[in-house]
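Take a look at the letters that make up each chain.
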Amino acid sequence: MKNVIKINLCRRKIREFNPIWAFAPRRGPKVALFYPAPYEVASQSLGFQLVYALLIAHGIRAERFTTDSCGFSLETKTPIKKFDFILASSSFEIDYLYLADFLKRYKTNQKVLVGGLSPMANPIPLFDLVDYVVLGEAEATIPQLASDFHSGDIEPREWLVSSTSEGGKKAWIDLKDAPLLASQFLPLDIDPPWGKGFLIEVTRGCPHKCRFCMEGWINKPFRERDLKSVIKVLREVGEPYEKVITLSLSLTDYNDYKAYLRELASLEVTGSVPSLRVDGIDEEAVELIRAIGQRTVTVAPETTLPEKSKVLGKGFNPSFLKEKINLVKKVQLKPKAYVMIVPGEHLETAKKEIENLKEIFGKETHFTVNPLIPKPWTPLQIAPIPSDREERVLIYYKKNLPNADLYPIRWAKLQAILSLATKPVLKYLDPKLPPSKQIAELAKVIDLSELHKWRTGWEPPWMNFEVADPREALRLGEESYEAWREVFSESRT
Ligand code: SF4
């Protein structure tokens, strides 16, 4: 097989299919590209893949680092001190623990830049160990960053903010100007979490406004790929890939959704689709999903109760949901479902929700029950962070709903604190600490009591860095608070 290289993890070498590295320049600026997770997880981040390919396409000698490469590059085992810049990409707040650890251990005197969903939503927590946060999509920012790397100097820009910036604005692209990433690296000797898949992004952003969903708010506007160019790339997918992994926040809103699934079904390799909006499910869709080789359908109704739906900005009435789930079951697909609890949810509310869920889904369905985690730029950024009270409600779900998994409350709380931090906190983070101890460390610098209440009228400082619609987020936040106050306020203020 062509384009196979050996890459260096801490304790072993493994083979990687890598059609990109052959184009890496021998000379020129050296950029250490870090992903704060193990290699196999990094390999399934389309953002990481894209930044790597774009840097190399722009004449940068980019080499990758992961949490299991021990401070040496995957490609040539070069130590980080030999690189001119560090560029990291982070999707989730919990990644900050590993990012902080990496920078504290290995960084020398290079400038550090970080991009990705969570830093873009709130760059402030990163400003003690990170010089710049990139507020924008890779295609819109990497070409200009590459030119800065060539000149050796980082220029201030609207979408590149630092601790001294007073404002900033997101840079994004029209997908028509951004070809699909046809060259992707793939581990050959280990299986990544979703299998040996080729990643294909058919839409970006989401047209809906669920009030807790940071991805939906930050990635607006909703954009769609031209089906012809998607098909062209799909038809080239074969060995060593075993499947096509579809990336889309809201696949059923894609205009060419069914034509895309039909094309996937005609391929030699299997396909997979992400969780689907309940309202986009119909008979033909579930048959096509079965035909691509998928065995489960994940839905995230979040709630079946109008009083919770008014707070969350998402939810489906029981009879509508049941009709859709029956379609899923009719073609022998297994449904999986995500459910969310609201702050201060009463046990009677939980009881009604559980009864509805059992009646709709039956005994076999696997549920994941999450507390609401307030995130920047969402209307629910003003909601209380998860507490022990929500933990009791989650445990009630676990006891009464067969096959329910819970998102652990301490991790949810840590995630919320990191996401809403209005001070730099990276230097206080340590991935070796359990979440409760980590929260205790953070409590020395952040006033957690404020975060345990609703913060109506709050205009948080990250809103100076405009990555979503501020008026809409604030307006819907106040609406959610009013809806919550009417029903749930006696248990919490
Ligand atoms: S929860 Fe799903 S449908 Fe709602 S905004 Fe987020 S991605 Fe879109």
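Look above for the structure.
Residues numbered from 1 in each chain as written. Predicted model: local features only at pLDDT ≥ 70, side-chain atom pairs only at ≥ 80, totals over all residues. Heavy atoms only, no water.

K.L.:
Before we go on, may I ask you to explain helix α14 (residues 409-420) in this structure?
P.N.:
Structural remark: α-helix, 3.6 residues per turn; residues separated by three or four positions point the same way. Look at α14: 16 Å from first C-alpha to last across 12 residues, which is about the 16 Å you get at 1.5 Å a residue. Counted residue by residue, α14 has 10 buried out of 12 residues, so it is predominantly covered. Within the span of α14, buried status applies to Ile409, Ala412, Lys413, Leu414, Gln415, Ala416, Ile417, Leu418, Ser419 and Leu420. Elements in contact with the buried residues of α14: α3 (95-106), β18 (366-371), α13 (388-400), α15 (435-443) and α16 (448-451). (Helix = DSSP H or I, 4+ residues; strand = E, 2+ residues; numbered from the N terminus. Expected span 1.5 Å × (residues − 1). Buried < 20%, exposed > 50% of the residue type's maximum accessible area, 1.4 Å probe, protein only. Contact = heavy atoms within 4.5 Å.)

K.L.:
I'm lost on α13 in this one. Help?
P.N.:
Here α13 spans 19 Å end to end across 13 residues, near enough to the 18 Å set by a 1.5 Å rise per residue. Every buried residue belonging to α13 is among Glu390, Val393, Leu394 and Tyr397, and all of these are buried. Projected onto a plane normal to the axis of α13, the buried residues spread over an arc of 100 degrees and lie on a single side. Exposed and oriented more than 90 degrees from the buried face of α13 are Asp388, Arg392 and Lys399. (Arc of directions from axis to C-beta.)

K.L.:
For this particular structure, what's the right way to read the pairing of strand β11 (residues 197-201)?
P.N.:
Successive residues of a regular strand alternate their side chains across the two faces of the sheet. Of all 5 residues making up β11, 5 are buried, and the element is well covered by its neighbours. In this structure, β11 lies alongside strand β14 (residues 243-247), joined through 5 bridges in parallel fashion. Bridge pairing in β14 places Gly197 opposite Lys243. (Pairing = 2+ DSSP bridges.)

K.L.:
Help me understand the state of the cysteines, please; the structure alone is not making it clear to me.
P.N.:
Such a bond, covalent and formed between the sulfur atoms of two cysteines, is termed a disulfide. Evaluated as defined, the whole model comprises 1 disulfide. A sulfur-sulfur separation of 2.0 Å characterises the disulfide bridge that pairs Cys10 with Cys70. Between Cys10 and Cys70 the sulfur-sulfur dihedral comes to about 110 degrees; the bridge is accordingly right-handed. A residue pair is termed long-range when its members are at least 10 positions apart, and Cys10 in the loop between β1 (4-8) and β2 (13-17) and Cys70 in the loop between β4 (61-66) and β5 (85-89) qualify at 60 residues. The partly exposed category is assigned to Cys10, whose relative accessible area is 26%. (Disulfide = S-S within 2.5 Å.)

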